[in-house]
Amino acid sequence: MEAVRSSIPLTRGRSRLTVTGVLTGLLLTLSVPAAVPRSGAVTPERGSAYMGMGVVAHDGSATGAATDSLSDSRTGQTEGVDVSSYQRDVAWSTLYGSGVRWAYTKATEGTSYQNAYFTQQYTGSSDVGIVRGAYHFATPDSTDGAAQADYFVNHGGGWSADGRTLPGVLDIEWNPYGDDCYGKSKSQMVTWIRDFLDRYKARTGRAAVIYTATNWWTMCTGNYAGFSSSPLWIARYASTAGTLPAGWSSYTMWQYTSTGKTVGDHDRFNGGKEQLDTFAAG
């Protein structure tokens, strides 16, 4: 079960209102996702992080980037979504009807948090014909990379060659609980990531996908170029994916908006449905 939080999340797709502690009288706008805490803000509860939590705050969001249509300039790519406990019970049939064909669900964070809605989200997506996978929100300041990979695999992050399961994702981005780079030097961060990736591959036989943003990767790893054997999921809320981190010449997935319909976070797989199925099968 999830830890009891001091704030109460209200959802509308991926947009949120948060009422913290005693009412402050401040009404937050539904269209603005929760951001990384800034000076004077309340630090979120451990376990409450989600994919892309810091992207708008640090990278911004281009007007008009959001779309649920498959008929725009990215035709030929396959629509996906990512979800966490904030979405609770997801309307998977609605998403499938809108063209979504793949989805990732947050499974774990650190070595102490599991998504209480994981079963509905992970199994529910598969039940309607969506290819599904799980992601782990990394907290390199809490435990080492190998320990977090083990925790992820042991709690929903594994992989099987059933044609409907995508490889696990390491979500490595801005720290919502403190220092952006989790108090690690660039070389320490590279080592942490390598330990996670090595353990995940040893446990599952698949290379974990790396979800990140170029600005964070540059700042916290020194734009390290040595992980190109892992598929890249780039986060950038704009009309293009922009400059990629060093080592990758193309992305496998792209999180392009946090303001889509039904579920806010929408993504593109860089290929058609047949290529997506091949990727899932390994």
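Model, not experiment: these values are computed from the prediction.

Two elements in contact, helix α5 (residues 186–204) and helix α6 (residues 214–221), have axes whose closest approach is 7 Å; the angle formed by their N-to-C orientations is 115 degrees. Classified by the angle their axes make, α5 and α6 are roughly perpendicular. The residues of α6 that touch α5, namely those facing Lys186, Met189, Val190 and Ile193, are Trp216, Trp217, Thr218, Met219, Cys220 and Thr221. Class assignment of the residues belonging to the contact of α5 with α6 gives a composition of 7 nonpolar, 2 polar and 1 charged.

The end-to-end C-alpha distance of α5, which contains 19 residues, comes to 27 Å, matching closely the 27 Å that a straight helix rising 1.5 Å per residue would cover. On the buried face of α5, the contacting elements are β6 (131–137), α4 (145–157), β7 (169–171), β8 (209–212) and α6. Remark: glycine 205 follows α5 within two positions and exhibits a positive phi of approximately 85 degrees.

Disulfide: a covalent bond connecting the sulfur atoms of a pair of cysteines. In this structure the tally under the stated criterion is 1 disulfide. Linked covalently through their sulfurs, cysteine 181 and cysteine 220 form a disulfide whose S-S length is 1.9 Å. Torsion about the S-S bond of the cysteine 181 and cysteine 220 cystine: about -75 degrees, corresponding to left-handed handedness. With cysteine 181 in the loop between β7 and α5 and cysteine 220 in helix α6, this pair connects stretches of sequence that are 39 residues apart.

As a note on interpretation, predicted positions should not be read in detail where pLDDT is low. Considering every residue of the protein, the mean pLDDT works out to 86; 81% of them sit at 70 or more. Contacts of residues 1–39 to residues separated by more than four positions or lying in other chains number 81 contacts, the stretch itself having pLDDT below 50. pLDDT under 50 marks residues 63–71. Its contacts with residues more than four places away, or in other chains, come to 24 contacts.

A few words now on the pattern of salt bridges. Note on pairing: side chains with opposite charge can pair once their charged atoms come close. Tallied over the full model, the rule gives 7 salt bridges. In this structure, the salt-bridge partner of arginine 46 is aspartate 141, at a minimum N-O distance of 2.7 Å. Pair noted here: arginine 46 is in the loop between β2 (15–20) and α1 (55–59) and aspartate 141 is in the loop between β6 and α4, with a separation of 95 residues, a long-range link. The salt bridge involving glutamate 79 is made with arginine 268; its shortest N-O contact spans 2.3 Å. You can see glutamate 79 sitting in strand β3 (residues 78–83) and its partner arginine 268 sitting in strand β11 (residues 266–269), a full 189 residues away along the chain. Arginine 268 carries the same exposure label as glutamate 79, and that label is buried. When salt bridges with common partners are traced through the structure, they connect Asp150, Arg199 and Arg203 into a single cluster.

Turning our eyes to something else, we now look at the environment of aspartate 277. Positionally, aspartate 277 belongs in helix α7 (residues 273–281). Owing to a relative accessible area of 28%, aspartate 277 belongs among the partly exposed residues under this scheme. For the pair aspartate 277 and glycine 163, spaced 114 residues apart in sequence, the C-alpha separation works out to 6.3 Å.

About the thresholds
Residues numbered from 1 in each chain as written. Predicted model: local features only at pLDDT ≥ 70, side-chain atom pairs only at ≥ 80, totals over all residues. Heavy atoms only, no water. Axes fitted to C-alpha atoms, helices over the stretch in contact; angles between N-to-C directions. Helix = DSSP H or I, 4+ residues; strand = E, 2+ residues; numbered from the N terminus. Parallel < 35°, antiparallel > 145°, perpendicular 65-115°, else oblique. Contact = heavy atoms within 4.5 Å. Nonpolar A, V, L, I, M, F, W, Y, C, P; charged D, E, K, R; others polar. Expected span 1.5 Å × (residues − 1). Disulfide = S-S within 2.5 Å. pLDDT = per-residue confidence, 0-100. Salt bridge = Lys/Arg side-chain N within 4 Å of Asp/Glu carboxyl O. Buried < 20%, exposed > 50% of the residue type's maximum accessible area, 1.4 Å probe, protein only.

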